[in-house]
Amino acid sequence: METLSHAISASSCAKLTLPGNDDISRRLLLHRHRHGSLSSLNLPTLRSQRKSRAFSKVECSQSSNSNIDFSDPDWKSKYQQDFEKRFNIPHITDIFPDAHSFPSTFCLRMRTPVNEEFACGYPSDEEWHGYINNNDRVLLKVINYSSPTSAGAECIDPNCTWVEQWVHRAGPREKIYFKPEEVKAAIVTCGGLCPGLNDVIRHIVITLEIYGVKNIVGIPFGYRGFSDKDLAEMPLSRKVVQNIHLSGGSLLGVSRGHPPVTDIVTSMEERGINMLFVLGGNGTHAGANAIHNECRKRNLKVAVVGVPKTIDNDILLMDKTFGFDTAVEEAQRAINSAYIEAHSAYHGIGIVKLMGRSSGFIAMQSSLASGQVDICLIPEVPFNLHGPHGVLRHLKYLIETKGSAVVCVAEGAGQNLVEQTNAKDASGNIVLGDVGVHIQQETKKYFKEIGIPADVKYIDPTYMIRAVRANASDGILCTVLGQNAVHGAFAGYSGITVGICNTHYVYFPIPEVISHAREVDPNSRMWHRCLTSTGQPDFI
């Protein structure tokens, strides 16, 4: 499918208003992109400008909201109106204003499956108060920052004025816009593997059956399954999916790349699919949004609902995505192994490379959870290997004082240090250089040159982590995401994704969560906590 950069082009300034882009990091990355080196930067000058980083965010926020005049006494209400317009979720009635609604067939007090006896009407229980009102909302931001200089502050205006921002609450509605016996639902999993895929598939199928849907299929191997004539759709039922959550991977298989969106929608028309559940990351969601728009263009009554799947936890606005907790838990095994290897060797150094193309959440949280990491390196924070303030100099200090050290590095960190191939994978993502191997080689070379023996061990658990089954925390998250995806489709929403926001489940319009990848804010409290745990200095 289209990659993030193809799907929606976000201005660089707008990106700076969100976490992960303090002024120094931004300028370092920009300089590195233009010149390929940090050597010509005046780092002391940059360090002295830290105080202005919060105000840079505010100034950029102003320019990204250029239609709002902050001198206008009513700017706050105008901003809220604009927010409500952007976060309004598309509905079937936008295209079919005369679309009929029906009493919901989802009622947990009515346990008899829907069948032919209810062809002229659906059973409902007016006494059951388990439905969500369409006007229910969840607060997007819960911290009222008093100053733009507060750690992690995200401000709309220079005074950090509090503005309430509400998003749609997820869950079953009392009225539905599809008759279950007329629904053919399809599920597709795209991109790479991630713990929890089978859990989500399972609960989409189970919830569809509770609504009364009998025609459920899986599209094999991602979007490829819509165009490859050799790949037959897989019939799904509760009996088929009952125990799939006990294994990792995806029952349906995954793949990268895509046929043209028009071909996908044509295939959906030919198959009679009118509900599509898409499990994937930013690029996959860009594809889901394109499918939604093409369906609208053709006046098709189709609900397209995304479930965000990214082990990197890099989807905007959400607390976390499924698979992330499992990845952090599994990473502990690799980090602990690296610690034991390093601690048991004379001048031992353990290096662990974890996932995180553009976001360092797994490396940060894993380092924080383990308590065994001395250096954590993430894409959002530039660093030097060599020099008086470099990583290697600090490793020398650790060997001299502790006798061993553990380094945790995200795969997207330090890409300025490794050779660039400019190659891209099937999803259009740039193929990254192997920073873990590079650090391993440079570490061995450095200690050999200074005449200090060092025993360096390197561990890359990437594919082991991706393939495991979801842990208990992710299992719960996957269950609720799968259920709410079905509730959203039956409620008539399309072009949406479901996520968890401030511990509550919500629906977002897809474009709002895929404009760019979510990143670690180097000025956030969580990154500060990680630095407190590792005790590492500034490597620039």
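Owing to the predicted nature of the structure, the values given are computational and were not obtained by experimental measurement. Each residue is numbered by its place in its chain's sequence as written, counting from 1. Reporting in this predicted model follows two pLDDT cut-offs: at least 70 for local features of residues, and 80 or more for side-chain atom pairs to be given and counted; totals over whole chains, interfaces and linings ignore these cut-offs and use all residues. To obtain the side-chain values, all non-hydrogen atoms of the structure were used and water was disregarded.

(A) Layout of the UniProt feature "active site" (unreviewed entry) in the protein chain. UniProt positions are given in the numbering used here, feature names are shortened, and annotations may be inferred rather than shown by experiment. UniProt's feature table lists "active site" (unreviewed entry) at Asp-312, given in the numbering used throughout. Inspection of the secondary structure assignment puts Asp-312 in the loop between strand 9 (303-308) and helix 12 (324-344). The buried label applies to any residue whose accessible area, calculated with a 1.4 Å probe on protein chains only, is under 20% of its type's maximum; exposed applies above 50%, and partly exposed to all values in between. When its relative accessible area of 8% is taken as the criterion, Asp-312 is described as buried. Only heavy atoms matter for contacts: two residues are in contact if any of them lie within 4.5 Å across the pair. With residues near it in sequence (within four places) discarded, Asp-312 still touches Met-355, Gly-356, Arg-357, Ser-359, Phe-361 and Ile-362. In this text, helices come from DSSP runs of H or I with a minimum length of four residues, and strands from runs of E with a minimum of two, each type numbered from the N-terminal end.

(B) Highlighting the packing of helix 13 (residues 361-370) against helix 19 (residues 525-534). A fitted line through C-alpha atoms represents every axis, and for helices the fit uses only the stretch in contact; the resulting angles, taken between N-to-C directions, go from 0 to 180 degrees. At a minimum axis separation of 9 Å, helix 13 and helix 19 run at an interaxial angle of 45°. With respect to each other, helix 13 and helix 19 are oriented oblique. Relative to helix 19, the crossing made by helix 13 is left-handed. In this structure, helix 13 contributes Met-364, Gln-365, Ser-367 and Leu-368 to the contact, and helix 19 contributes Met-526, Trp-527, Arg-529, Cys-530 and Ser-533. For this classification, under 35 degrees means roughly parallel, over 145 means roughly antiparallel, 65 to 115 means roughly perpendicular, and everything else is oblique. By convention the crossing between two helices is left-handed if the near helix lies anticlockwise of the far one by an angle smaller than a right angle, and right-handed if it lies clockwise.

(C) Broad picture of the packing of helix 8 (residues 197-211) against helix 17 (residues 472-490). The contact between helix 8 and helix 17 brings their axes to 8 Å, and the two run at 40°. Judged on the interaxial angle alone, helix 17 and helix 8 are oblique. Both helix 8 and helix 17 take part in a crossing whose hand is right-handed. Contact with helix 8, carried on its side by Asp-199, Val-200, His-203, Ile-204, Thr-207, Leu-208 and Tyr-211, involves Gly-475, Cys-478, Thr-479, Gly-482, Gln-483, Val-486, His-487 and Phe-490 of helix 17 and no other residues of that element. For the contact of helix 8 with helix 17, the residue count by class is seven nonpolar, seven polar and one charged. All amino acids are sorted into three groups, where Ala, Val, Leu, Ile, Met, Phe, Trp, Tyr, Cys and Pro are nonpolar, Asp, Glu, Lys and Arg are charged, and the leftover types, Gly among them, are polar.

(D) Here's a closer look at helix 10 (residues 261-271). Listed in full, the buried residues belonging to helix 10 are Val-261, Ile-264, Val-265, Ser-267 and Met-268. Projected onto a plane normal to the axis of helix 10, the buried residues spread over an arc of 155° and lie on a single side. Residues of helix 10 that are buried sit in contact with strand 8 (275-280) and helix 11 (282-297). Just beyond helix 10, the residue with positive phi is Gly-272, at close to 80°. An arc is given here, and it is the one of the directions from the helix axis to the C-beta atoms.

(E) Focus on the sheet that holds strand 12 (residues 405-410). Criterion used throughout: strands pair if DSSP finds at least two bridges between them. Strands sit in the order 11-12-10-13 across an open sheet of four strands; the sheet is parallel. Two strands lie at the open edges of the sheet, namely strand 11 (375-377) and strand 13 (455-459), each paired on one side alone. Going from strand to strand, the sheet's axes swing by 15° on average, the running direction of each strand aside. Examined bridge by bridge, strand 10 (residues 348-354) and strand 12 share six bridges and lie parallel to one another. Along strand 12, the bridge assignment pairs Leu-354 with Ala-410. In the packing of helix 14 (residues 391-401) onto the sheet, contacts are made with strand 10, strand 11 and strand 12, and the angle to strand 11 comes to roughly 160°.

(F) View of the sheet that holds strand 7 (residues 234-235). Read from one edge to the other, the open sheet built from nine strands follows the order 2-3-15-14-9-8-5-6-7, with strand pairing classed as mixed. The strands lining the two open edges of the sheet, one partner per strand, are strand 2 (137-139) and strand 7. The sheet contact formed by strand 3 (residues 166-169) and strand 15 (residues 504-509) spans two bridges and is antiparallel. Across the sheet, the residue bridging to His-168 is Tyr-507, located in strand 15. Its contacts with the sheet put helix 17 on strand 8, strand 9, strand 14 (496-501) and strand 15, and the angle it makes with strand 15 is roughly 50°.

(G) Molecular detail of helix 14. Those residues of helix 14 not exposed but buried are Val-391, Leu-392, His-394, Leu-395, Leu-398 and Ile-399. Down the axis of helix 14, the smallest arc covering the buried residues is 155°, so these residues share one side. A positive phi of about 90° marks Gly-403, the residue just after helix 14.

(H) Molecular detail of the UniProt feature "binding site: substrate" (unreviewed entry) in the protein chain. Here the UniProt feature "binding site: substrate" (unreviewed entry) sits at Thr-310, Ile-311, Asp-312, Met-355, Gly-356, Arg-357, Glu-411, Tyr-463, Met-464, Ile-465 and Arg-466. Looking at the element boundaries, Met-355 is found in the loop between strand 10 and helix 13. What makes Met-355 buried here is its relative accessible area of 3%. In this structure, Met-355 is in contact with Ile-311, Asp-312, Ile-362, Ala-410, Glu-411, Thr-462, Ile-465 and Arg-466, ignoring residues within four places of it in sequence. Turning to its location among the elements, Arg-357 is positioned in the loop between strand 10 and helix 13. A relative accessible area of 30% places Arg-357 in the partly exposed class. With near-sequence residues (within four places) excluded, Arg-357 lies in contact with Asp-312, Pro-379, Glu-411, Gly-412, Asn-429, Ile-430 and Leu-432.

(I) The arrangement of the environment of Val-305 in detail. Along the chain, Val-305 turns up in strand 9. For Val-305, a relative accessible area of 1% corresponds to the buried category. Val-305 has contacts with Leu-276, Phe-277, Val-278, Ala-485, Ala-489, Tyr-493 and Ile-496, leaving out every residue within four places of it along the chain.

(J) How the structure looks around the environment of Arg-86. Counting through the fold element by element, Arg-86 comes out in helix 6 (residues 75-86). In the structure, Arg-86 is positioned 425 residues away from Pro-511 in sequence and 9.0 Å away in space, judged by C-alpha atoms. Setting aside anything within four residues of it in sequence, one finds Arg-86 in contact with Pro-509 and Glu-512. At 2.6 Å, the side chain of Arg-86 forms a polar contact with the side chain of Glu-512. We define a polar contact as two N or O atoms separated by no more than 3.5 Å, with the added condition that, inside protein, one atom must be a possible hydrogen donor and the other a possible acceptor, whereas residues neighbouring each other in sequence contribute only through side-chain atom pairs.

(K) Layout of unusual backbone geometry. Residues other than glycine seldom take positive phi values, yet Cys-160 does so here, at roughly 55°. For Cys-160, the position within the fold is in the loop between strand 2 and strand 3. One non-glycine residue with positive phi stands out, namely Asn-502, at about 55°. The topology assignment puts Asn-502 in the loop between strand 14 and strand 15. Of the residues examined, Asn-502 reaches a relative accessible area of 23% and is grouped as partly exposed.

(L) Looking closely at the environment of Gly-257. Take Gly-257: it is sitting in the loop between helix 9 (238-241) and helix 10. Look at Gly-257 and you get buried, because its relative accessible area is 13%. When the C-alpha positions of Gly-257 and Gly-222 are compared, they lie 8.3 Å apart, and in sequence the two are 35 residues distant.

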